[in-house]
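Chain residues, written in single-letter form:
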Amino acid sequence: MDLEAIPGVGAKTAAALRELDDPAATVESGDVAAIARAPGVNEARAARIARGAIRRRHGDDGRVLATDRARELYREAIDLLRERTVTDYAAKRLETFYPSASASRIDEAQAFAAAATERDPDPAVREALADCAPLADPPTVRVRDRCLASADAETLARAEAEVPELSVETVEDARDVSELGRSYASVIVLDESFAGLDVEGDVSVRPDALETPAETVPERLLAFFAENRERLEAAAAVHEAAAAAGDPVSDGDPPVDIDRLRDALSRLDDDGTIAGDAELDRLTVAVDDLDAAVSTAASVADDRLREAIRERDVTIEGTDFLSLVEQGARVDSLLDRELADEYDAAVDAAREHLADALRLEPEEAELAERVFGGDPSFPVDHDESAVSRLRTELSAARDRRAATLKAELASDLGDLREPVEELVRDALELDVELAISRFADDFDCAMPEVVGSEAADADAGFRIEGGRSPLLDVDFAAVEPVDYAVSGATLLSGVNSGGKTSTLDLVALVVVLAQMGMPVPAESATVERFEEIHYYAKSQGTLDAGAFEATLRDFGDLVDGADGRLVLVDELESITEPGASAKIIAGILEALDDQDATAVFVSHLAREIRDAADFAVAVDGIEAAGLVDGELRVNRSPKKGHLARSTPELIVEKLADDRGGEFYGDLLEKF
């Protein structure tokens, strides 16, 4: 797969993506979290890359959202969905859904969304999702007691690239290997030519070491699981909560045995070291506490010997003798002659204390015995070289134990590496599905039917039944449902504040959501698969000559474009004088009608535009039932083929009814 062929992916981004284990498959999967693990690629960028890969897969290189207002409606739609996510991942993942003109992409997205709407957004599941997050790559672990060795330059370069955790050393012969054996706790030689090598130290010849990283550097795998412990436990909790709610994350069992995962994690400390092994803990403590234990043991011997001296009946008083001793007088021969048994007892007490304090095994205790002994002295001396030998043995035993346990745990975790990726990915994808489900529930949505532009004329355009806009600044339950269907070029008339603009917003929102593959806020809807959506919001005041020319140029490009477009325009007449506006709008509608475009133009000049057009322009109206206590009562669903009365007409009609008289009657006739 040519990564640079993905829309929006340049050479630098492609190079970063190639750092992933399987860049092509990762990008194609649309897994935003996995893509974001490429160097320098954040989740927002990853979502754009995933969206570009989706476009490429479906041959979808069009630009459906053709105007600023259309793009604003898309952002509002995405925000409604994102507000219902729990995780940052799901919020970014929803960005991969976009209005498409590709039938295959819409079908794919609809299949996902339809399944999502069957989900039950259980509170316990959402609570579990709160701690869920994509897996992270841990910092590179440096292992300093182990090295790789080779005589081959190419092998050395590969080892440095693939196993950055270990030092890589150059060797030429057995003598070089032997020297490394004295410098490192273990040496792995990568060249088969060294097979049968017999040198001192922990040296092994493993030509396949680079192909088995879990055995060569188990710390890498352990660091990954340690770094992601909380994420894995959170994902496991999501799976368990979903299963308990009767709506499991996926069909069948989770991709990993959760009990087995938790057991393995319990054997791993937060820093990637082994936890919960009594023998390793004993050896670690023994190494760490050795110096302190030797010092304390020496104090035990001194105390025993001091007490013996005080009680001893010698030629000089014991207290005087003790004073001499403590002043550093040489008393070796005197101790040996007068207090041999007492000295031996003190040394035995020191040895016993050292062995007990460090919980030494019998073989280790034999080494510890050499720490104390030798010529009698006071204070009792210890043999530093014996301490060093004991430390070396304990450290070696600790490292061997740790290496064995790391290898065993890495072996247990090795076949869980890919399943836990799926475990977390499924949990995060569940949040995406639940957001769609909540959106559908909150706004009484239905899955729309999206038809091709080649459909019969009766089915082209859009049809919305019971549509309610969630974009209005009122409680959704209070929103009145709207039925509206348009095929071809249409004028929408109606009173001020009657809901014409909100109807355009509803139409745009339904079409955008439908072409995203999402459910729409309506009882039912059928939408043509539009190549482009052009939505022009109401202009703020009359435009100057330059701006007016630019606006006409935009519409000139619009009518010269391709077929299969939806055009929504809100009160274009405000750009210039009413008489000229009516003629301009009539001309635009004529051109759109020739292209069989679907268009809705909101206008207060519907009568004038209809008169100026050279074809029978359809006119729909949002009809007001009348004025009640000075407030409009409106039938929100546009009435087909009906020119709605204006607000001034309603007011004149009300005055004519209330007050009568020739003046109001004559005014009413003008309408």
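Above this text is the structure in question.
Residues numbered from 1 in each chain as written. Predicted model: local features only at pLDDT ≥ 70, side-chain atom pairs only at ≥ 80, totals over all residues. Heavy atoms only, no water.

J.: Which parts of the structure should I look at to understand the overall build of the protein chain?
T.: The number of helices and strands found in the protein chain is 27 helices and 15 strands. Out of the 671 residues belonging to the protein chain, those deemed buried represent 49%. Residue pairs at least 24 apart in sequence account for 70% of intrachain contacts in the protein chain once pairs closer than 6 positions are excluded. As displayed, the protein chain has an accessible area near 31,800 Å², and 45% of this comes from carbon and sulfur atoms. (Helix = DSSP H or I, 4+ residues; strand = E, 2+ residues; numbered from the N terminus. Buried < 20%, exposed > 50% of the residue type's maximum accessible area, 1.4 Å probe, protein only. Contact = heavy atoms within 4.5 Å. Areas by Shrake-Rupley, 256 points an atom, 1.4 Å probe, with all protein chains shown as cover.)

J.: Can you walk me through the packing of helix α12 (residues 218–227) against helix α13 (residues 229–244) in this structure?
T.: Think of two packed helices as two axes; the pair is described by the angle between the axes and how far apart they sit. Following both chains from N to C, one finds α12 and α13 inclined at 60°, their axes separated by 4 Å at the closest point. The orientation of α12 relative to α13 falls into the category oblique. In this structure, α12 uses Phe225, Ala226 and Glu227 to contact α13, whose residues at the interface are Arg229, Arg231 and Leu232. Of the residues in the contact of α12 with α13, the class split is three nonpolar, no polar and three charged. (Axes fitted to C-alpha atoms, helices over the stretch in contact; angles between N-to-C directions. Parallel < 35°, antiparallel > 145°, perpendicular 65-115°, else oblique. Nonpolar A, V, L, I, M, F, W, Y, C, P; charged D, E, K, R; others polar.)

J.: Mind showing me how you'd approach the pattern of salt bridges here?
T.: Pairing between side chains becomes possible if they bear opposite charge and their charged atoms approach one another. For the structure on display, the rule yields 42 salt bridges. Of the charged contacts in the structure, one is a salt bridge between Asp31 and Arg425, with a shortest N-O distance of 3.7 Å. Taken together, the residues Asp31 in the loop between α2 (23–29) and α3 (32–35) and Arg425 in helix α21 (residues 417–442) connect sequence positions 394 residues apart. Asp31 gets classed as buried once you look at its relative accessible area, which sits at 9%. Its salt-bridge partner being Arg306, residue Asp303 comes within 3.2 Å of it at the nearest N-O pair. One end of the pair, Asp303, and the other, Arg306, are both in helix α15 (residues 278–311), three residues apart, so they sit about a helical turn from each other. Ionic contacts of the salt-bridge type, sharing partners, join the residues Glu28, Arg57, Arg105 and Glu108 into one network. (Salt bridge = Lys/Arg side-chain N within 4 Å of Asp/Glu carboxyl O.)

J.: What should I look at first to understand the sheet that holds strand β5 (residues 449–451) in this one?
T.: Think of a sheet as strands paired side by side through backbone hydrogen bonds, with each pair either parallel or antiparallel. Ordered in space as β5-β9-β6-β7, the four strands form an open sheet in which the pairing is mixed. What marks the edges here is a single partner per strand, and that holds for β5 and β7 (482–486). With direction set aside, neighbouring strand axes in the sheet form an average angle of 15°. (Pairing = 2+ DSSP bridges.)

J.: Is there a simple way to explain unusual backbone geometry in this structure?
T.: Glycine aside, a negative phi is what most residues show, and trans is what most peptide bonds show. One non-glycine residue, Arg359, lies in positive phi territory at about 50°. Checked against the element boundaries, Arg359 lands in the loop between α18 (340–357) and α19 (362–369).

J.: What is the right way to read the nonpolar core from this model?
T.: Nonpolar side chains in soluble globular proteins tend to be buried together. Leu17, Phe225, Leu261 and Met516 are the most contacted members of the largest nonpolar core, which has 116 residues in total. In this view, Phe225 contacts Leu232, Leu261, Leu265, Leu268, Leu413, Leu416, Arg417 and Val420; residues no more than four positions away in its chain are not counted. Ala301, Ile309, Leu360 and Phe372 belong to the second-largest nonpolar core, a separate cluster that totals 31 residues. (Core = buried A, V, L, I, M, F, W, Y, C linked by side-chain atoms within 4.5 Å.)

J.: Which parts of the structure should I look at to understand the packing of α19 against helix α20 (residues 384–414)?
T.: Close contact between α19 and α20 brings their axes to 9 Å; oriented N to C, the two are set at 160°. Comparing their axes, α20 and α19 come out roughly antiparallel. Where α19 crosses over α20, the handedness of that crossing is left-handed. Two secondary-structure elements touch here, α19 through Glu364, Leu367 and Ala368 and α20 through Leu390, Glu393 and Leu394. For the contact of α19 with α20, the residue count by class is four nonpolar, no polar and two charged. (Left-handed = near helix turned anticlockwise from the far one by under 90°.)

J.: Explain α13 here, please?
T.: Quick reminder: α-helices carry 3.6 residues per turn. Residues three or four places apart thus point the same way. Taking 1.5 Å of rise per residue, the 16 residues of α13 would be expected to cover 22 Å, and the 22 Å separating its terminal C-alpha atoms lies within 8% of that figure. Looking at α13, one finds that the buried residues are Arg229, Leu232, Ala234, Ala235, Ala236, Val238, His239, Ala241 and Ala242. In this structure, the buried residues of α13 make contact with α8 (123–129), α12, α14 (258–266) and α21. Positive phi appears at Gly246, one or two residues downstream of α13, with a value of about 80°. (Expected span 1.5 Å × (residues − 1).)

J.: Explain the pairing of strand β2 (residues 166–170) here, please?
T.: Successive side chains on a regular strand alternate, one facing one side of the sheet and the next facing the other. When strand β1 (residues 143–150) meets β2, the two strands line up parallel, connected through five bridges. When the sheet's bridge partners are listed, Ser150 is paired in β2 with Thr170.

J.: So what exactly am I meant to see when it comes to a negative patch on the surface here?
T.: Taken together, the side chains of Glu127, Asp131, Glu230 and Glu233 present a region of like negative charge at the surface. Along the polypeptide, Glu127 turns up in helix α8. Overall, Glu127 belongs to the exposed group, its relative accessible area being 61%. (Patch = residues over 30% accessible without salt bridge, like charges linked within 9 Å, V, L, I, M, F, W, Y side chains within 5 Å. Lys, Arg positive; Asp, Glu negative; His and termini not counted. Charge placed at Lys NZ, Arg CZ, Asp CG, Glu CD.)

J.: Please explain the sheet that holds strand β11 (residues 565–570) as it appears in this structure.
T.: Reading across the sheet, the five strands line up as β10-β11-β12-β8-β13 and stay open at both edges, with parallel pairing between neighbours. Where the open sheet ends on each side, the last strands, each with one partner, are β10 (532–536) and β13 (618–622). Between one strand and the next, the sheet's axes are offset by a mean angle of 15°, whatever the strand orientation.

J.: How do you make sense of α15 when you look at a structure like this?
T.: The terminal C-alpha atoms of α15, which comprises 34 residues, lie only 43 Å apart, well short of the 50 Å expected from a rise of 1.5 Å per residue. At Asp289, α15 shows its largest kink, close to 60°. (Bend = angle between axes of the 7 residues up to and from the residue.)

J.: Help me understand the side chain of Ser469, please; the structure alone is not making it clear to me.
T.: Summarising the element assignment, Ser469 is placed in the loop between β6 (462–467) and β7. At 3.1 Å, the side chain of Ser469 forms a polar contact with the backbone nitrogen of Leu471. Not counting residues within four places of it along the chain, the set of residues in contact with Ser469 comprises Phe476, Val479 and Leu506. (Polar contact = N/O pair within 3.5 Å; in protein donor to acceptor, adjacent residues only side chain to side chain.)

J.: Is there a simple way to explain the side chain of Thr26 in this structure?
T.: You can see Thr26 is positioned in helix α2. By relative accessible area, Thr26 is classed as buried at 15%. Apart from the residues within four sequence positions on either side, Thr26 is in contact with Leu20, Asp31, Ala34 and Ile35.

J.: Hey, could you run me through the packing of aromatic side chains in this one?
T.: With the rule as written, the count across this model stands at five aromatic pairs. Both rings, one in Phe97 and one in Phe112, keep their centres 5.6 Å apart while their planes meet at 35°; by these two values the pair is tilted. On the criterion of sequence distance, the pair formed by Phe97 in the loop between α6 (88–93) and α7 (103–116) and Phe112 in helix α7 is long-range, its members being 15 residues apart. By relative accessible area, which is 21% here, Phe112 ends up partly exposed. On the numbers, 5.3 Å between centres and 90° between planes, the contact of Phe224 with Phe225 is edge-to-face. According to the relative accessible area criterion, Phe224 is buried, its value standing at 3%. Here the aromatic residues Phe439, Phe443 and Phe476 are joined through ring pairs into a cluster of three or more. The ring of Phe112 carries the charged tip of Arg93 above its face, separated from the ring centre by 5.5 Å. Sitting over the face of the ring of Phe224, Arg417 holds its NZ or CZ atom 3.5 Å from the ring centroid. (Phe/Tyr/Trp six-rings, centres within 6.5 Å; stacked < 30°, edge-to-face > 60°. Lys NZ or Arg CZ within 6 Å of the ring centre and 35° of its normal.)

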